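This is what each chain is made of:
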Amino acid sequence: MNKQRLESAKLPPLKIGDLEIKVPIFQGGMGIGISMSSLASAVASCGGVGVISAAQIGFMEDDFQKHAMEANIRALKRNITDAIKKSADAGGAIGVNIMCAVSHYEDYVKASIEAGVHMIISGAGLPMGLPGICPGTATKLIPIVSSARATGLIIKTWLKRYNRLPDAVVFEGPEAGGHLGFKAEELESSQENFYQTIEEIKAEIQKGIESAKIETLKDSHEEASTAMPALAKDISIPLIVAGGIYTKEDIHKAMAHGADGVQMSTRFVTTEECDAHPNFKQAYIDSTKENIVIVQSPVGMPGRAVNNDFVKKTMAGRIPPKTCNGCITHCKPDTTPYCITLALINAAKGDVDNGLIFCGSNAYREDRIKTVKEIFDELTS
Ligand SMILES: Cc1cc2nc3c(=O)[nH]c(=O)nc-3n(C[C@H](O)[C@H](O)[C@H](O)COP(=O)(O)O)c2cc1C
């Protein structure tokens, strides 16, 4: 289909292996506590993919301070089960976002699969070892990348080590919220190349599919496993594009450049169903284009957030953490500029002056709270 026709066509459904997604819109995982079962099930009920963030998801459990890990695993499983149950009638798909940078990554992956999640979406680093944690799983494994190079590296590594391809790939560009996969000084040029990068990643995926087919021919005496759709004859790896996608026109434009679907997060924060505290949602509504800034996160990546009192305090000096539960592998409590977990939990609980309000570059555009259905109706009309 040519680009112009695609820009005005109805959004086509998306197939990820045996999963049929009616509307090719993923709601991106948002931690801490921003996308849990309420938002994810609402999105899945509208035909999209609802994604729960696993990041410190047990923060509201009574025993979180004492036993963070147990609380997180319990809350993660409960949120997945609830979201699947709530959206089952609509045939919704539920994913979980697990960042590579978290401690106990493997435990979160295994717990999500045990709870029956349909897909695992994983970024904040390259999830090179993900298929090795859950060999043969039917749960779809989806890496988040920020370049064609990273896409090629993941495909090659997964094929070589695990004989498995990603079931889809999410490309997250520099306009996204939360942690960004680009250096601060690369953000502008990477955004200029956003559509070109979509095309490059698409080509890299195609190259990966071709090499998988060659492998399949070589191994044709072996029966293809159903858990490894990568080895089936008709391989497809849909490309989901994220970062600054806000309107129906943005979706069609990304698709005209080769996206098979989109991932949107900022747009879904200002909804009734979003799990964030009302103060967090209000901070989006009150924000302006000028007070959305790039911050340096203790995770070692830049992030995008609302420039509130907390961000100003972190710029003025270090805020030493009082406690630490070792939630991020590379974080050093003795030198970290602040505790990211505490900052995100404060924001999620509504203490926005002492919290980090992650947001995408478009957060200033909404002026009222809507329902998820209103947004889907607008995006798919
Ligand atoms: C409040 C917020 C929290 C986020 N948290 C995470 C996260 O925990 N893990 C992750 O991989 N991405 C996270 N993201 C990124 C989103 O999943 C998504 O890919 C990105 O924001 C899409 O761009 P958009 O917000 O412009 O639609 C977060 C984004 C926001 C706005």
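These numbers were taken from a predicted model, which means no experiment stands behind them. (Residues numbered from 1 in each chain as written. Predicted model: local features only at pLDDT ≥ 70, side-chain atom pairs only at ≥ 80, totals over all residues. Heavy atoms only, no water.)

A tally of helices and strands in the protein chain yields 14 helices and 13 strands. Computed over the C-alpha atoms, the radius of gyration of the protein chain is 20 Å, within 12% of the 21 Å expected from 2.2 N^0.38 for a compact globule of 381 residues. With respect to the three principal axes, the spread of C-alpha positions in the protein chain is 60 × 45 × 45 Å. Looking at the protein chain as a whole, 56% of its 381 residues qualify as buried. For the protein chain, the share of sequence-separated contacts (at least 6 apart) that also reach a separation of at least 24 residues comes to 67%. Summed over all atoms, the accessible surface of the protein chain reaches about 16800 Å², with 52% contributed by carbon and sulfur. (Helix = DSSP H or I, 4+ residues; strand = E, 2+ residues; numbered from the N terminus. Rg over C-alpha atoms; globule rule 2.2 N^0.38 Å. Buried < 20%, exposed > 50% of the residue type's maximum accessible area, 1.4 Å probe, protein only. Contact = heavy atoms within 4.5 Å. Areas by Shrake-Rupley, 256 points an atom, 1.4 Å probe, with all protein chains shown as cover.)

Applying the stated rule across the entire model yields five aromatic pairs. Arranged with centres 5.6 Å apart and planes meeting at 35 degrees, the rings of Phe-280 and Tyr-284 form a pair that is tilted. Here the residue Phe-280 and the residue Tyr-284 both occupy positions in helix α11 (residues 278-286), the gap between them amounting to four residues, near one helical turn. Judged on exposure class, the residue Phe-280 and its partner Tyr-284 are both buried. On the basis of an interplanar angle of 90 degrees and a centroid distance of 5.3 Å, the ring pair of Phe-310 and Tyr-338 is categorised as edge-to-face. Of this pair, Phe-310 sits in helix α12 (residues 309-316) while Tyr-338 sits in the loop between α12 and α13 (340-349), and the two are 28 residues apart along the sequence. Accessibility classification places Phe-310 together with Tyr-338 in one group, the buried group. (Phe/Tyr/Trp six-rings, centres within 6.5 Å; stacked < 30°, edge-to-face > 60°.)

Here the residue pair Gly-31 and Ile-32 is connected by a cis peptide bond, since its omega of -5 degrees sits within 30 degrees of zero. Among the structural elements, Ile-32 can be located in the loop between β3 (25-27) and α2 (37-45). Positive phi, normally seen in glycine, also occurs at Gln-56, with a value near 45 degrees. Note on placement: Gln-56 falls in the loop between β4 (49-53) and α3 (68-87). Classification of Gln-56 as buried rests on a relative accessible area of 8%. Despite not being glycine, Ala-124 shows a phi value in the positive range, around 55 degrees. Looking at the element boundaries, Ala-124 is found in the loop between β6 (119-122) and α5 (130-133).

This part is about empty space enclosed by the protein. Throughout the structure, instances matching the rule amount to one cavity of 30 Å³ or more. In this model, the largest cavity occupies a volume close to 70 Å³. Looking at the largest cavity, the residues that line it are Ser-53, Ala-54, Ala-55, Gln-56, Asn-97, Ile-98, Met-99, Val-102 and Tyr-108. When grouped by side-chain class, the residues that make up the lining of the largest cavity number six nonpolar, three polar and no charged. (1 Å grid on protein atoms, 1.4 Å probe; cavity = no way out; pocket = protein on both sides within 12 Å on 5 of 7 lines; lining within 4 Å. Points joined across faces, edges and corners; volume = space filled by probe spheres on them. Nonpolar A, V, L, I, M, F, W, Y, C, P; charged D, E, K, R; others polar.)

Moving on, we get to the pattern of salt bridges. Oppositely charged side chains may form a pair once their charged atoms are brought near each other. Applying the stated criterion across every chain yields a total of 16 salt bridges. For Glu-20, the salt bridge identified is with Lys-15, shortest N-O distance 3.4 Å. Overall, Glu-20 belongs to the exposed group, its relative accessible area being 53%. On the accessibility criterion, Lys-15 (46% relative accessible area) is partly exposed. A salt bridge links Glu-378 to Arg-267, with the nearest nitrogen and oxygen atoms 3.1 Å apart. (Salt bridge = Lys/Arg side-chain N within 4 Å of Asp/Glu carboxyl O.)

For the rest of this paragraph, the subject is the layout of surface pockets. Taken as a whole, the second largest pocket encloses approximately 630 Å³ of empty space. Contributing to the lining of the second largest pocket are 28 residues, with Pro-321, Thr-323, Cys-339, Thr-341 and Leu-342 lying nearest its centre. Secondary structure elements with two or more residues in the lining of the second largest pocket: α12 and α13. Per-element accounting of the lining of the second largest pocket gives the leading share, seven residues, to α13. For the lining of the second largest pocket, a count of residues per class yields 17 nonpolar, eight polar and three charged. If you count residues domain by domain, the lining of the second largest pocket takes at least three from each of domain 1 (3-269) and domain 2 (278-365). (Domains from an automatic or database assignment.)

Moving on, we get to helix α4 (residues 105-114). Within α4 the residues assigned to the buried category are Tyr-105, Tyr-108, Val-109, Ala-111 and Ser-112. Buried residues in α4 make contact with α3, β5 (93-97), β6 and α5. Of the residues flanking the end of α4, it is Gly-116, one or two places downstream, whose phi is positive at about 90 degrees.

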